[in-house]
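Tertiary structure, described
These are the residues of each chain, in order.
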Amino acid sequence: DMSTSMQQLPPDLQVEAKALEALQAEFQKLLPAQQRLLTQKQENEMVMKELELLEPETPVYKQEGPTLLKVSVDQAKQNIANRLRFITEQIADIEDKIKALKEKEQQHRLKAVEIQQRMRAEQEKAAGSAE
Amino acid sequence: MSEAQPQTVDVGQLPVEQLTNLREQLENEIQHPASSLEQLIRAANQYNDSNRCLESIKSGNEGKETLIPLTSSLYVPGKLGDSKSVMLDIGTGYFVERTPKQAQEYVKRKIDLLKSNIEDVRKAVAMKKRNFEVVSMVLRQKQQMAAQQTAQAAQS
């Protein structure tokens with residue numbers, strides 16, 4: 001498992017491995033949130049499309065708990081437009097966070113490769129001087 | 001971190017372990033959409049049912065007796081009242097008063113959308129199955145070659 005194979009790594013590689021694990025956990029938290037927002041965006045866009053097909057005097061009702069409140073087509077469109085604006089902002093926010101995580105992941109991977117190359121070079125040097 | 005990246009990779013160049021992983025991944029990806037497909041088909045059927053109901057709500061049928069659901073298991077007898085308008089749930093908590101004909105148009109739009117989604121899912125699964133076959137074949141070839149090399153090395 002992960003922890004025993006990690007203990008076999010030299011300490012500076014362990015640092016990178018732990019960092020990568022932490023980043024992966026962060027990423028796993030963001031993914032479902034992003035998916036949920038994308039679904040909401042799609043749903044609200046579909047509602048907006050339907051509202052746009054209506055004549056302006058069509059009776060529209062908004063569900064508030066157990067009641068339906070009468071609203072105008074315009075009010076409904078306004079409300080959905082606001083929702084879409086908010087959702088789009090949240091999506092952009094999560095995408096920024098994901099991008100930052102990916103950059104950090106890349107940095108740690110490069111560092112790990114660097115360490116491994118250095119170790120290999122040192123081993124070769126040691127083997128060379130032993131002859 | 002994994003994501004779907006549309007890049008072309010020459011499968012023949014990949015080493016055996018990567019091929020094995022890829023094969024497993026594709027196998028999972030083929031089985032996962034089965035439930036999504038089921039949901040889409042079920043939704044399309046529900047809309048079809050709605051369509052049939054809407055057919056009955058027309059001007060000849062006003063005053064006809066019907067059973068009205070109060071809960072999922074409790075119905076009360078009633079009469080069809082206004083056949084000129086129905087309340088349509090368009091999603092996210094919004095309802096619209098429409099004529100039965102307009103409601104049927106809405107239902108048709110939804111069914112068309114679902115049909116195109118179902119088609120997309122089927123196409124994606126078909127492509128993954130093709131990729132799965134290719135990867136499996138290349139993997140078998142490489143494993144055979146490796147076995148032959150080990151056999152030859154053992155003889156010398």
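In this report, we go over the structure that sits alongside the text. Note that the structure is predicted; figures quoted are calculated from it, not measured. (Residues numbered from 1 in each chain as written. Chains lettered and ligands numbered in written order. Predicted model: local features only at pLDDT ≥ 70, side-chain atom pairs only at ≥ 80, totals over all residues. Heavy atoms only, no water.)

Quick word on the interface of chain B and chain A
What counts, and what does not: Any two residues whose heavy atoms approach within 4.5 Å are treated as being in contact. Here, a salt bridge means any side-chain nitrogen of Lys or Arg that lies within 4 Å of a carboxyl oxygen of Asp or Glu. Under this definition, polar contacts are N or O atom pairs within 3.5 Å; protein pairs additionally need one hydrogen-donor-capable and one acceptor-capable atom, and for neighbouring residues in sequence, both atoms have to be side-chain atoms. Secondary structure follows DSSP: runs of H or I at least 4 residues long count as helices, runs of E at least 2 residues long count as strands, and numbering of each begins at the N terminus.
Contact residues are listed per partner, giving 17 residues for chain B and 28 residues for chain A. The interface formed by chain B and chain A holds two salt bridges in total. Taking the shortest distance from any N to any O, the salt bridge between Glu55(A) and Arg98(B) comes out at 3.8 Å. Counting the contacts that link chain B with chain A gives seven residue pairs in polar contact (both at pLDDT 80 or more). Of all the secondary structure elements, the ones that give two or more residues to the side of chain B that touches chain A are β3 (86-91), β4 (94-98) and α3 (100-155) of chain B.

Examining unusual backbone geometry
Residues and elements named next belong to chain B. How we decide: A 1.4 Å probe rolled over the protein chains alone gives each residue an accessible area, and that area as a share of the maximum for its type sets the label: buried under 20%, exposed over 50%, partly exposed in between.
Here the phi dihedral of threonine 92 falls at roughly 50°; this positive angle occurs in a residue that is not glycine. Along the chain, threonine 92 turns up in the loop between β3 and β4. Judged by its relative accessible area of 23%, threonine 92 falls in the partly exposed class.

As for the pattern of salt bridges
Oppositely charged side chains can form a pair if their charged atoms are brought close together. All names here are of chain A. Taken as a whole and judged by the stated rule, the model has 13 salt bridges over all chains. We note a salt bridge from glutamate 26 to lysine 29, for which the minimum N-O separation is 3.6 Å. Here glutamate 26 and its partner lysine 29 are both found in helix α2 (residues 11-52), three residues apart, which amounts to about one turn of the helix. What makes lysine 29 exposed here is its relative accessible area of 58%.

Thoughts on the packing of helix α2 (residues 33-56) of chain B against α3(B)
All names here are of chain B. Applicable threshold: For helices, the fitted axis covers only the stretch in contact; all axes are lines through C-alpha atoms, and the angles between them, taken along N-to-C directions, range from 0 to 180 degrees. Any angle that falls under 35 degrees is termed roughly parallel, while one over 145 is termed roughly antiparallel, one within 65 to 115 roughly perpendicular, and all others oblique. Here is the rule for handedness: rotate from the far helix to the near one, and if that takes an anticlockwise turn smaller than a right angle the crossing is left-handed, while a clockwise turn gives right-handed. Just so you know the grouping, Ala, Val, Leu, Ile, Met, Phe, Trp, Tyr, Cys and Pro go in nonpolar, Asp, Glu, Lys and Arg go in charged, and all remaining residues, Gly too, go in polar.
Between α2 and α3, the least distance of the axes is 9 Å, while the angle of their chain directions is 160°. Relative to α3, the element α2 lies roughly antiparallel. The interaxial crossing formed by α2 with α3 has left-handed handedness. Of the residues that constitute the contact of α2 with α3, the class distribution is 17 nonpolar, five polar and three charged.

Some details on the sheet that holds strand β2 (residues 67-71) of chain A
Note the cut-off: Think of it this way: DSSP has to see at least two bridges between two strands before they count as a pair.
What the four strands build is an open sheet, ordered β2(A)-β1(A)-β4(B)-β3(B); its pairing is antiparallel. Where the open sheet ends on each side, the last strands, each with one partner, are β2 of chain A together with β3 of chain B. For this sheet, the mean inter-axis angle between neighbouring strands, taken without regard to orientation, is 35°. Strand direction decides the pairing type here: strand β1 (residues 60-64) of chain A and β2(A), joined by five bridges, are antiparallel. Bridge pairing links Val60(A) to Val71(A) in β2(A). Sitting on the sheet, α2(A) is in contact with β1 of chain A together with β3 and β4 of chain B, with an inclination near 140° to β3(B).

Notes on the nonpolar core
Threshold: Residues enter a nonpolar core if they are buried and are Ala, Val, Leu, Ile, Met, Phe, Trp, Tyr or Cys, with the set joined through side-chain atoms within 4.5 Å.
Counting 20 residues, the largest nonpolar core has Leu51(A), Val60(A), Ile80(A), Ile90(B) and Tyr94(B) as its most contacted members. Counting residues per element, the ones that place at least two in this core are α2 and α3 (73-130) of chain A together with β3, β4 and α3 of chain B. If you look at the next biggest cluster of nonpolar residues, it comprises 16 residues, including Val11(B), Leu19(B), Val121(B) and Val138(B).

Section: the packing of helix α1 (residues 16-31) of chain B against α3(B)
Residue and element names in this part refer to chain B. One way to put it is that α1 packs onto α3 with a least axis distance of 9 Å and a crossing angle of 155°. Compared by their axis directions, α1 and α3 come out roughly antiparallel. As for how α1 packs across α3, the hand of that crossing is left-handed. Residues Val16, Leu19, Thr20, Leu22, Arg23, Leu26, Glu27, Glu29 and Ile30 of α1 form the contact with α3, whose own contacting residues are Val125, Lys128, Lys129, Asn131, Phe132, Val135, Ser136, Val138, Leu139, Lys142 and Gln143.

A short note on the environment of Phe132(B)
Residues and elements named next belong to chain B. You can see phenylalanine 132 is positioned in helix α3. Phenylalanine 132 sits 50 residues away from aspartate 82 along the chain, and the two C-alpha atoms are 56 Å apart. Apart from residues lying up to four places away in sequence, phenylalanine 132 is in contact with Arg23, Leu26, Glu27 and Ile30.

Comments concerning the pairing of strand β1 (residues 65-69) of chain B
Residue and element names in this part refer to chain B. Looking at chain direction, β1 and strand β2 (residues 75-79) are connected through five bridges and run antiparallel. Bridged to threonine 66 within β2 is glycine 78. Counted between consecutive antiparallel strands, the loop separating β1 from β2 contains five residues.

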